[in-house]
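# Structural overview for review
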Amino acid sequence: MCGIVGYAGKNRAVPYLLEGLEKLEYRGYDSAGIAVNEEDVIRIMKTKGRIGNLESLIASQRHSDATVGIGHTRWATHGKPNDVNAHPHISQSGLFCVVHNGIIENYLQLKAQLIADGYRFVSETDTEVIAHLLEQNYDGNFVSTVRKTTAMLEGAFALCILCRDFPDSIVCTRWASPLVMGKSDDGVFLASDVTAILKHTSDIYYLDGHETALIADGGITFFDKAGNATQKAPKHIDWNVSAAQKGGYEHFMLKEIMEQPKAIQDTVSPRIDSDGRIVFEDFHLTDEEIENLNRIVIVACGSAFHAGEVGRYVLEKMTRIPVETAIASEFRYRDPVLDAHSLVIVISQSGETADTLAGLRLANEKGAKTVCIVNVVSSSIANEGGSVVYTHAGPEIAVATTKAYSAQVSVLYLLAGYIADRKGLLPEEERRTYVDALRKLPELIAQTLEDCGEQMQKLSEMFIPLEHAYFIGRNLDYACAMEASLKMKEISYIHSEAYAAGELKHGTISLIEKGTLVVALAACSDVFGKTMSNIKEVKARGARVLCVSTSENASAMSEVDFKVIIPDTLPLFAVTLEVLPMQLLGYYTAKNRGCDIDKPRNLAKSVTVE
Ligand code: G6P
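Residues numbered from 1 in each chain as written. Predicted model: local features only at pLDDT ≥ 70, side-chain atom pairs only at ≥ 80, totals over all residues. Heavy atoms only, no water.

With that settled, consider the pairing of strand 10 (residues 187-191). When you tally the buried positions in strand 10, you get five out of five residues, the bulk of the element. In terms of strand pairing, strand 1 (residues 3-9) meets strand 10 through five bridges, oriented antiparallel. In the sheet register, Gly 6 faces strand 10, and the bridge partner there is Leu 190. Sheet topology places strand 9 (residues 180-184) next to strand 10; five bridges connect them, and they run antiparallel. By the bridge assignment for strand 10, Gly 182 is matched with Phe 189. Counted between consecutive antiparallel strands, the loop separating strand 9 from strand 10 contains two residues. (Buried < 20%, exposed > 50% of the residue type's maximum accessible area, 1.4 Å probe, protein only. Helix = DSSP H or I, 4+ residues; strand = E, 2+ residues; numbered from the N terminus. Pairing = 2+ DSSP bridges.)

The structure is reproduced here in structure tokens:
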């Protein structure tokens, strides 16, 4: 949520800043801006709209040779997305300039005080208070001024700051919003996400909370929370640059859909040993602790929550431990009953989602065991989890998640198999069947994508004029229906809802009329017959039904108008294949409707505000 970049080196800053902002645009894209330190003035260029608008603005203005600058792409929280509210923000006399990711919760108080002290505000943002506070706190030392200022802030922030008196320097700091940096022969690069600087270096410094960094003379000096200079080693990231580019695909979303076989392979195979046993070096519970677990709670937001819904069925079935899912923004304010015998599974692609992070902290405070399923290495959630299990999906750029979701589900399969095995609930033969089927998933995913690509493209045409669509299913199919419905609505802007198929008749069926499109997910063989009954109910009211199921059920699907057949696998794993045509359906519908697929309106990939 909001993207930050910075560059200080020997070359012109503007091209690097724009290049970094383009890579971060998925984090927020309602306005963008840069600031460069030019001799005795900090020059700002900013505008509402996409990075493209900013590029045109910069091209129309005087060329800048400055070699130090900061930039920002915004997802509005305080104030409309317009030119004035766009970052960077500058202090009253132009001494300090700042870009900010996060929310300052006490900004109204600080603003009132600054106004009383004679400061004039031009924007509606919380960020502008930081610029003026820096100026008010200025003591001639860039780093100590920043530290004094951030000590007054409550909330979340990642900040990159310029000071007119230090034209060769940038100071940055963070709390609860990410910030990374790296060095190359060309200079120092800063960003809120590694994807923006991977092109220049794979050795990344992760700034810790309340740590401050001074970038000057091609080097970085780190200061800990107490202000003491510290040594810090970079972490090598093995995501390559091409993984963060489109690689010939029209959209990141399609590329990421097609990367799912690899994402699952990379996530699953290192966790299965040569004897066909699931191994979890990164899951730190002892056998005794596992035996004593009396409750599992899965906490997440968005699609990660839907992955958790799949996990709920699979974990409960395999481990016989009661499993509950909780939307993180609800969980955190609920005073949940947790103790040392509870396992809280926290799921997050970005590892930065504010509500999910708060849910993790609450679980830690209450003494529960925690395990975090995270894609982004060294993210906040990864840093605070009791155990951390990484998905190896690689960088995901499209706002609508696909490969990270599937990788999260595959970790939940691994965890369910592992816990069941440790509890002695998985006899040798069943374990082999389970693990073999898990190993075979990447191949089946590739086959499903290959088989249903053209069909989904064609079927998507009937969704173009729709205003509403319904997705139904039971058990795991219902978990898939939730994700399928979200994929449809978030990128194509068609209103869609997911219902437990048996619940439809308790109200929603009154919305079904002639021509209504109902997508039925029906890959779970044990409830297939029940779902077919619900299909008959909507058909009787005039609905057109598109149904996804496995080949063993194909002949029993005579009632449906459009059939999509996925390969056979273990019943627990069918949902992983079933979601693929749904991702493609959302993608092609959005494409046919001319939507901005990778950056849907009003959304952001990494939601660092609650
Ligand atoms: C945003 C994204 C979703 C994502 C959710 C949770 O809403 O648009 O795709 O599922 O955040 O994100 P996380 O990074 O915690 O998985």
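There's plenty left to go through after this.
Moving on to the state of the cysteines. Scanning the model with the defined rule gives zero disulfides in all. The thiol sulfur of Cys 547 is not disulfide-bonded, and the nearest other cysteine sulfur, from Cys 480, lies at 12 Å. Judged by its relative accessible area of 0%, Cys 547 is buried. (Disulfide = S-S within 2.5 Å.)

What follows is about helix 17 (residues 574-592). Along its 19 residues, helix 17 runs 28 Å from first to last C-alpha, staying within 8% of the 27 Å computed at 1.5 Å per residue. With 17 of its 19 residues buried, helix 17 lies for the most part within the structure. Residue Gly 594 follows helix 17 closely and has a positive phi angle near 70 degrees. (Expected span 1.5 Å × (residues − 1).)

Before going further, it helps to spend a moment on the sheet that holds strand 20 (residues 387-390). Spatially, 17-16-18-19-20 is the arrangement adopted by the five strands of the open sheet, whose pairing is parallel. Whereas interior strands pair on both sides, the edge strands pair on one side only; in this sheet they are strand 17 (323-327) and strand 20. Averaged over all pairs of adjacent strands, the angle between their axes in this sheet comes to 20 degrees, without regard to strand direction. In the sheet, strand 18 (residues 342-348) pairs with strand 19 (residues 369-374) via six bridges, with the strands oriented parallel. For Val 346, the partnering residue across the bridge sits in strand 19 and is Cys 372. Here helix 9 (residues 302-319) sits on the sheet in contact with strand 16 (295-300), strand 17 and strand 18, set at roughly 170 degrees to strand 17. (Axes fitted to C-alpha atoms, helices over the stretch in contact; angles between N-to-C directions. Contact = heavy atoms within 4.5 Å.)

With that out of the way, let us pick up the pattern of salt bridges. Within the structure shown, the criterion is met by 28 salt bridges. The shortest N-O distance in the salt bridge between Asp 596 and Arg 50 comes to 2.5 Å. Linking Asp 596 in the segment after helix 17 with Arg 50 in the loop between strand 3 (41-48) and helix 2 (51-59), this pair joins segments that are 546 residues apart in sequence. Note on Arg 50: relative accessible area 27%, which makes it partly exposed. As a salt-bridge pair, Arg 332 and Asp 355 come within 2.7 Å of each other at their nearest N and O atoms. Of this pair, Arg 332 sits in the loop between helix 10 (328-331) and strand 18 while Asp 355 sits in helix 11 (residues 354-365), placing them 23 residues apart in sequence. Asp 355 gets classed as buried once you look at its relative accessible area, which sits at 10%. (Salt bridge = Lys/Arg side-chain N within 4 Å of Asp/Glu carboxyl O.)

Moving on to the packing of helix 7 (residues 260-268) against helix 13 (residues 403-422). At a minimum axis distance of 9 Å, the contact between helix 7 and helix 13 shows a crossing angle of 30 degrees. The two elements helix 7 and helix 13 meet at a crossing, and its hand is right-handed. Contact with helix 7, carried on its side by Gln 260, Ala 263, Ile 264, Thr 267 and Val 268, involves Lys 403, Ser 406, Ala 407, Ser 410, Val 411 and Leu 414 of helix 13 and no other residues of that element. Its residues assigned to classes, the contact of helix 7 with helix 13 comprises six nonpolar, four polar and one charged. (Left-handed = near helix turned anticlockwise from the far one by under 90°. Nonpolar A, V, L, I, M, F, W, Y, C, P; charged D, E, K, R; others polar.)

So, about the site of the ligand. Neighbouring residues of the ligand: 13 residues in total, closest Ser 303, Ser 348, Gln 349, Ser 350 and Thr 353. Within the backbone of Gln 349, one N or O atom sits 2.7 Å away from an oxygen atom of the ligand. Relative to its unbound accessible area of 390 Å², the ligand is 89% covered by the protein chains. A total of three residues in the shell around the ligand trace back to one element, the largest contributor, which is helix 9. (Near = heavy atom within 4 Å. Polar contact = N/O pair within 3.5 Å; in protein donor to acceptor, adjacent residues only side chain to side chain. Areas by Shrake-Rupley, 256 points an atom, 1.4 Å probe, with all protein chains shown as cover.)

It is worth spelling out the side chain of His 132 at this point. Secondary-structure assignment places His 132 in helix 4 (residues 127-137). For His 132, a relative accessible area of 1% puts it in the buried group. Polar contacts involving the side chain of His 132 include one to the main-chain carbonyl oxygen of Arg 120, which spans 3.3 Å. With residues up to four places along the chain from it excluded, the contact list for His 132 reads Ile 90, Ser 91, Gln 92, Leu 114, Tyr 119, Arg 120 and Phe 121.

This part is about the pairing of strand 22 (residues 495-500). Within a regular strand, the side chains alternate between the two sheet faces. Relative to strand 22, strand 21 (residues 468-473) is paired through six bridges, and the arrangement is parallel. When the bridges of strand 22 are listed, Gly 473 appears paired with Ala 500. Handedness of the strand 21-helix 15 (residues 476-492)-strand 22 crossover: right-handed. (Right-handed = clockwise from strand over helix to strand, strands pointing away.)

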